[in-house]
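Letter by letter, the chains look like this.
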Amino acid sequence: MLELRNVVKSYEDKPLLTDISFTVSQGETICLLGASGSGKSTILRIIAGLDFPERGAILLNNIDLAGTPPHLRDFGLVFQDYGLFPHLNVFDNIAFGLKMRNASVDEIKQRVTALLEQVNLSGFDSRRVTDLSGGEQQRVALARALAPSPRLLMFDEPLGALDRSLKEDLLNEIRNILRQTKIPAIYVTHDQEEAFTIADRILVLHEGTIIRDGTPSDIWKDPQSAFVAKLLGIGNVVDGEVVAENKIKTDFGTFNLNFSKNIGEKVQLLITESPSPLGEGRRGEVREQIQLTVEDVLFKQDQFQVKGRGGITIHMKEAPRIGEVITVQVQVKCLS
Ligand code: ADP
Ligand code: MG
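Structure report, in brief. The structure displayed is predicted, hence computed values, not measured ones.

By volume, the largest pocket is sized at about 960 Å³. Surrounding the largest pocket, 26 residues form its lining, W220, L232, G233, Q303 and H315 being those nearest its centre. For the lining of the largest pocket, the secondary-structure elements that each account for two or more residues are α6 (192-198), α7 (216-221), β14 (266-273), β17 (303-308), β18 (312-316) and β19 (325-334). When grouped by side-chain class, the residues that make up the lining of the largest pocket number 6 nonpolar, 13 polar and 7 charged. Each of domain 1 (2-226) and domain 2 (235-335) gives at least three residues to the lining of the largest pocket.

One way to put it is that helix α2 (residues 90-100) packs onto helix α4 (residues 134-146) with a least axis distance of 7 Å and a crossing angle of 30 degrees. Taken together, the axis directions place α2 and α4 in an arrangement best described as roughly parallel. Crossing geometry of α2 relative to α4 is assigned as right-handed. Counting all contacts with α2, which are made through V90, N93 and I94, the residues of α4 involved are V140, A143 and R144. Within the contact of α2 with α4, the residues separate by chemical class into 4 nonpolar, 1 polar and 1 charged.

Analysis parameters
- Residues numbered from 1 in each chain as written.
- Chains lettered and ligands numbered in written order.
- Predicted model: local features only at pLDDT ≥ 70, side-chain atom pairs only at ≥ 80, totals over all residues.
- Heavy atoms only, no water.
- 1 Å grid on protein atoms, 1.4 Å probe; cavity = no way out; pocket = protein on both sides within 12 Å on 5 of 7 lines; lining within 4 Å.
- Points joined across faces, edges and corners; volume = space filled by probe spheres on them.
- Helix = DSSP H or I, 4+ residues; strand = E, 2+ residues; numbered from the N terminus.
- Nonpolar A, V, L, I, M, F, W, Y, C, P; charged D, E, K, R; others polar.
- Domains from an automatic or database assignment.
- Axes fitted to C-alpha atoms, helices over the stretch in contact; angles between N-to-C directions.
- Parallel < 35°, antiparallel > 145°, perpendicular 65-115°, else oblique.
- Left-handed = near helix turned anticlockwise from the far one by under 90°.
- Contact = heavy atoms within 4.5 Å.

Following this line, the structure appears as structure tokens:
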């Protein structure tokens, strides 16, 4: 098990990572999700031993890695820009780590052939890596990282340079390989769709700390903050004000929410579509009907994305007319 314990790092006197703690269990894929510049790559570099924390520790199976140089950590890295050796062919790129460990010629041949099959590149052995497409180069990089059977795999925005259709295929392949090999992995991205597809657990990074840590479905059901809801595009974040005990007034109606807030306090509510019966849900949560005036309708895959006045977006099977007032069943929850 990998553990980061209270990792602190700043650049040019500006705090970057103020207190990062998390664990990655055997066979688990965690996803670090955060905006550009939030420190994701720095966290990976620190884990890899290419950069150093000012405070805190990186432990593997309870052993502090501070004294272990990068090449002895047994961690595999896959970057956005592939990082392949341009002067070596596909076979030699993948074999690189195995040769460093003095594996026998037969062993190397067998392992590389199996890896090429695993990443769908059988027969590519003697191709020049510079002649490959982006998707193929990233597959080679993945095979190279897998070759020495690393104790941990780290992916730094590995699909960032690829087209949408390629992205989906490769993401699913990475997912399958991680499930099969059970190698624990840290996958870094700023793309919430990728995060929800690949992660067993998502860690949201914001202003130097992990502000939400949970399974994709837990986070989807309960983002807990307006920031996470907005970042992940979960439901609609709406401003409200406490106007009486347990009563919160918004542009979409006044909701009875059992929540400890004082009268006059400003709050933010999360409004999501909900087919469940009306009534009270868990604490601080209620299911109600609201009226929306349709402002815009957009066709999205198998349904219509409907924007209502006041900035609420919902989804419908049949397209309403612009200007129509529709009744929508929603779940309302207090975020702050
Ligand atoms: P992310 O991968 O989330 O985009 P990074 O970890 O690459 O974020 O970097 C976060 C910030 O840290 C950068 O915007 C930059 O200001 C700073 N930073 C990172 N590496 C260095 C460095 N080597 N020297 C100075 N500043 C750096
Ligand atoms: Mg980065």
